[in-house]
Amino acid sequence: MKKGLAIPFLAYVAVINALYVRAECPHLESGLEKWSSASTWASKPVKGSQMTISKKILLDESPPSLGSITIAAGGVLVWADKDNITLTVSYILVQGRFQIGSETCKFSKKARIILTGKSDSSLKVDGFGRKFIGVKSGGKLEFHGEDKLSWTKLAQTIPAARQTCGIIYDHKNTPYDKEWATGIHAIAWNLDGSVYDFGPFVLGEPWDDEAEKHLVTFLNGVPKNTVVALAVHENLGVGVKPQRDWELLFKTVETLGGIDSGKSLLRNVKDKEAYAFIAVKGQKEYTSEQHVPRTPGKKYTKTNDVHVTLWDLKLKFWVESAVKFEGDWSIPNDVDFRVLSTEVAYPKIEVIDDVSTWKPGDKLVFTSTDFEWRQAEVFTVMSCPECTASNQFKVDGMFANSHFGEVFDNVDERGEVALLTRQIVIEGDMEERCYSNSPAEADACDKFAEDVFGGHLKMTRGFAAAHIEGVEFYKMGQAAVIGSYPVHFHMCDDVSGAWVRNNSIHHSSSRCVTIHGTDKLEVSDNVCYKHKGHGYFLEDSTEQWNILDGNIGVATEYGIQLPSDMKEEWCDQGLKKFCDAVSTFWISHPNNYVRNNVAAGSSQVGFWFVYADRPLGLSAARQLERGLVKEYSTRHTPIAEFNNNVAHSNVLRGLVVDGRISSGESEDGVFVPENGVFGSNGYDPRIPNNKDGNQTIVYLDRFTGYKNRENNVWVRGGNLVLRHSSLADSSRGITMAKSGEDTFTEVQKTVFVGESDNKGMPQLWVDWDFPTDPKPQHQFDRSLMTEDPNSPIQGFVFYDGPTYVTDCHFKRYRHWHWNNNLEKEFSGVRAFRSGGAISWRRADDVFFDPQSAVRGATFAFCDDTEGNKVYDGNATVRGFEGDRDSKLQAIFQDEDGSVTGHPGAYVVKNLPFFTTPKCSFVENWQMSMCPHSFAKVSFIGVDFVKGKYPIYFIRDDAHESAFSMEGSANNQDVDPDVEFVSTNSQINAISHAFNLAVKSVSKTGINIPRSSSKRKGSPNLSQEINPEDSDNESDIHPEVVVKNRFQVLGSDKKPEPIRAIRANKKAKFLTSRVSSKPGLR
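The residue numbers shown here count from 1 along each chain, following its written sequence. Local features in this predicted model are restricted to residues whose pLDDT is 70 or higher, and side-chain atom pairs enter the listing and the counts only when it is 80 or higher, whereas totals over whole chains, interfaces and linings include all residues. Based on all heavy atoms of the structure, the side-chain values leave hydrogens and waters out of the count.

**Student:** An account of the overall build of the protein is needed here, citing residue identities and associated values.
**Tutor:** A tally of regular secondary structure across the protein gives seven helices and 84 strands. Residue exposure (1.4 Å probe, protein chains only): buried if accessible area is under 20% of the type maximum, exposed if over 50%, otherwise partly exposed. The proportion of buried residues among the 1081 residues of the protein is 59%. For this analysis, residues touch if any pair of their heavy atoms sits within 4.5 Å. In the protein, the proportion of contacts linking residues at least 24 apart, taken out of those at least 6 apart, comes to 69%. Here, Shrake-Rupley sampling with a 1.4 Å probe gives the accessible areas, and only protein chains in the shown set may cover a residue. For the protein, the exposed surface amounts to about 42500 Å²; the carbon and sulfur share of it is 49%. Strands here are runs of E lasting at least two residues and helices are runs of H or I lasting at least four, both read from the DSSP assignment and numbered beginning at the N terminus.

**Student:** Report on the nonpolar core, specifying residues and quantitative values.
**Tutor:** To form a nonpolar core, buried Ala, Val, Leu, Ile, Met, Phe, Trp, Tyr and Cys residues must be joined to one another through side-chain atoms within 4.5 Å. Residues Phe98 and Phe810 are the most contacted members of the largest nonpolar core, which totals 121 residues. Among the elements that make up this core, the one with the highest residue count is strand E6 (residues 85-94) (five residues). With residues up to four places along the chain from it excluded, the contact list for phenylalanine 98 reads Ile71, Leu77, Trp79, Leu87, Ile92, Ile113, Lys140, Leu141, Glu142 and Phe143. By size, the runner-up hydrophobic cluster in this structure holds 28 residues, among which are Ala186, Leu203, Val269 and Ala274.

**Student:** If you had to explain the sheet that holds strand E16 (residues 274-280) to someone new, which residues and values would you point to?
**Tutor:** With antiparallel pairing, five strands are arranged side by side in an open sheet as E14-E13-E15-E16-E17. Of all the strands in the sheet, the pair left with one neighbour each is strand E14 (195-201) and strand E17 (283-292). Taking the axes of each pair of neighbouring strands and ignoring which way they run, one obtains an average angle of 10 degrees across the sheet. Its contacts with the sheet put helix H2 (residues 211-221) on strand E13 (183-189), E14 and strand E15 (227-233), and the angle it makes with E14 is roughly 170 degrees. Whenever a helix is involved, its axis is fitted only over the stretch in contact; in every case the axis is a line through C-alpha atoms, and angles between N-to-C directions fall within 0 to 180 degrees. Across the sheet, helix H3 (residues 246-257) touches E15, E16 and E17, and the angle it forms with E16 is around 40 degrees. A pair of strands is considered paired only if DSSP assigns at least 2 bridges between the two.

**Student:** Got a sec to walk through the packing of aromatic side chains? Specific residues and values, please.
**Tutor:** Note on ring pairs: Phe, Tyr and Trp rings are taken, using the six-membered ring of Trp, and paired if centres are within 6.5 Å. Classes follow the plane angle, with under 30 degrees stacked, over 60 edge-to-face and the rest tilted. On inspection of all chains with the given rule, the structure shows 44 aromatic pairs. Ring geometry for phenylalanine 448 versus tryptophan 570: centroids 5.9 Å apart, planes at 80 degrees, classification edge-to-face. Of this pair, phenylalanine 448 sits in helix H5 (residues 439-448) while tryptophan 570 is found in the loop between strand E41 (552-557) and strand E42 (583-587), placing the two residues 122 residues apart along the sequence. Seen in terms of ring centroids, phenylalanine 752 and phenylalanine 810 are 4.8 Å apart; in terms of plane orientation they differ by 15 degrees. Their pairing is stacked. On the criterion of sequence distance, the pair formed by phenylalanine 752 in strand E61 (residues 751-753) and phenylalanine 810 in strand E66 (residues 809-811) is long-range, its members being 58 residues apart. The same class applies to phenylalanine 752 as to phenylalanine 810, namely buried.

**Student:** Describe unusual backbone geometry, and please don't skip the residues or the numbers.
**Tutor:** Backbone torsion omega between isoleucine 687 and proline 688 reads -10 degrees, so that peptide bond is classified as cis. If you trace the backbone, proline 688 turns up in the loop between strand E52 (686-687) and strand E53 (694-695). The residue after glycine 801, namely proline 802, is reached through a cis peptide bond having omega 15 degrees. By the element assignment, proline 802 lies in the loop between strand E64 (793-798) and strand E65 (803-806).

Set out below in structure tokens:
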């Protein structure tokens, strides 16, 4: 009985499942009329039709190229579950619903939307422009491509091909590469990859009358089963000497390759065009050739690697031709021949995730793991019968660069592999050459030399639904048109429930994802590769509660829309310093969630937290209505989340928290245009987010930074803590600065590595500035952080402060004499790079705080013999030449003795003003450690004093060791705001500055213990002191006594030591202030 019931029950389940699928798959919903059916239309759309859809249409065929499609309210356009449908149209305006797949019925076929039109097209819509998919109020956009893993990390290091034994023949490393002959270069290999013969044939010069006959003789003379390759070098020469017997040559090539008579592509080659040919003589099935004609707007033509793979011999033979017709030496103009093992030519890759959703033909980008982001490489997935695990695959092509795949001493430097291919493709149809219809476009053509008027997708306020996943956006964005981006949410307000997931955006002319005047959007697991301008872009400094999770950005190039997008030299004179800030992630409001993202190569910065004090652009008026972002609220808004992000291979810095975006303000009397970046941020997070709120601590968690040339991290802010992070392979691990009074910055439980095992690519250094030949040179086995191999390497870098270093680990910070013989051979050449785990900002013009401290530091090296725990150079050391007077006051306290071995000791400059016989000089640090207490005293002047006048400070117990300063901003003008660090001894000060008036004096507290648990504020040890009314030291807190009696002398008088207690009371003081508040700890 039970068995009899089983069959009807299973049948019932099957029916229910079928009905469920039918209900969830949009192409199966009822009421859809087929595009292909004549009965659907009163008149079926034809080429150029501008049509409106008011009913439910199923797109089941590729229509002719259309003018426009408007999906009216109530109208529906659904993509059929068919392969290779292409919709070509100038624009699609959505007021109804446009749908491809659904969240529970992903689209697994190939779909393509091509957006057409030039920048002067008459097909345009107000608010959207041209060449777009746009969604208006009430519209629904549902794009759901098949699930594919968006990106992963390498599980092993991939060596560059030249770092393996798999290159059997490399033309560049042979004497044949020096051959200059214009015409065709030919090579013949034996089947083991050895060279049978090589010859350059001067077809492109008129003086050699027999060149084509010599080449024919060469080709006829090679034996069967020889691999023969030909490549045009600079110019074939058909137009140079048309009377040659070209037909004889063409026929010989066709015979060699088994090509039908008259069919060889060589016959089509014109002057200054690339051509490559390869064949196995006597086996026509292996013949391959490629001709690349000249393209308007391009400076050269280049073939692919035209190749023959002999799998039974495990060898790949290939040839490449590149021919330039204009441009400098950097333009490709050469031939190349190689023989590779198939293991190197078609490498098997292992990653950390299951990549079984990646299929043969899919395109991948392998990120650079070196300083140069342009080492990113794109390959095609190929079939891999020998792959035994779901995390393995093969690619078609050899790697030009190494890609690191290891975790070194808790720093995860494994390179990323990102998928560019998706099932749904939206692309802009581009012109072969750049054109212009406006000054902005002319400027774009001048800078980029290619069509940059791509398509764009734009959501506007009031849309009913936006769910975009599994889509490949290609050739999108419009470089010269503001507001035209691959994915753009424009002034949408609250978009809770909308998301952009698992998409690929590559070769974009303007950005990747733009969030503009929009809150609560989810942007997750997307790939952004090779784009102009900021990549993930929060536009108006008003965007809040957005989630950026698991995205990757690669190859961020300069753009032209905003000053911050542009190269410095692209900006107008006088405004250059407000430009040059292009970033992969541009986070212009702190109240957003940024987690699990990767910035893998930018022309400047990976992640940049920056804000405007007032809403920008269109949001200025909108925020008057919404009231969510008020003047100055951004500078007091805590960062909602920054967790588990990675930045590497960025030209300047990995992570920046600093700067402000101008809303049309001035700096130093210079007007800064809107969106220019200027000044320090003044970031002071509070709850609530206004100046009267309570200060709060912001945590930046689990950040990984490596191979960022200048700085892995640059942080300025009030009460900012970076913790549980990993930093390696940068000139500076982290520089931290405070942004206001009574604030601090801190790094906790972080690993610092000076140089990891990730060596990158070997680099040849040549001193081209050396006055005579030969030039000094050195072959390094690793890439250089900067152009100067002597540039110092620093781990933690102190800046103003107070700043704290807590429970951090340091490895591989050392001095390096990298070539002693070079110094002996070339007079004046230095081959020495300095290094220290803990250091101070070079060429600094601010003052260091004696409250800055280190606690719980550990070092993976022996001090002096293997590295330097601390180091600060002087003007004789490369990299420290620009140090200013304020640098003489470098200082920090070793709270627990983990650096010096003496708990509570201070590390200070080895100057008599700061030291006593109780101090010890540490030679390899170039610093002294002292058991004394230190404090900072500030003098705030009334007027700026011009001229190079020193100010002298003299200790009562060391009159012979006067300490002088010539100004903080530079060593030519005396800044009236002067600070100095001193022992808690009696201090004399004598000014040699003419007409200097001291407005106030303050002294930062000393000996204030730092609690292991953070607390807000400290006992109030501040009080105002009137120097005219107080002669009694007891008026000042005993821990922070400052002898505030000074004599101001004219510039014509010589300084004299004057005891502080007896100084002239009539000196020009306005107020003095004594403060010991250490800020939020």
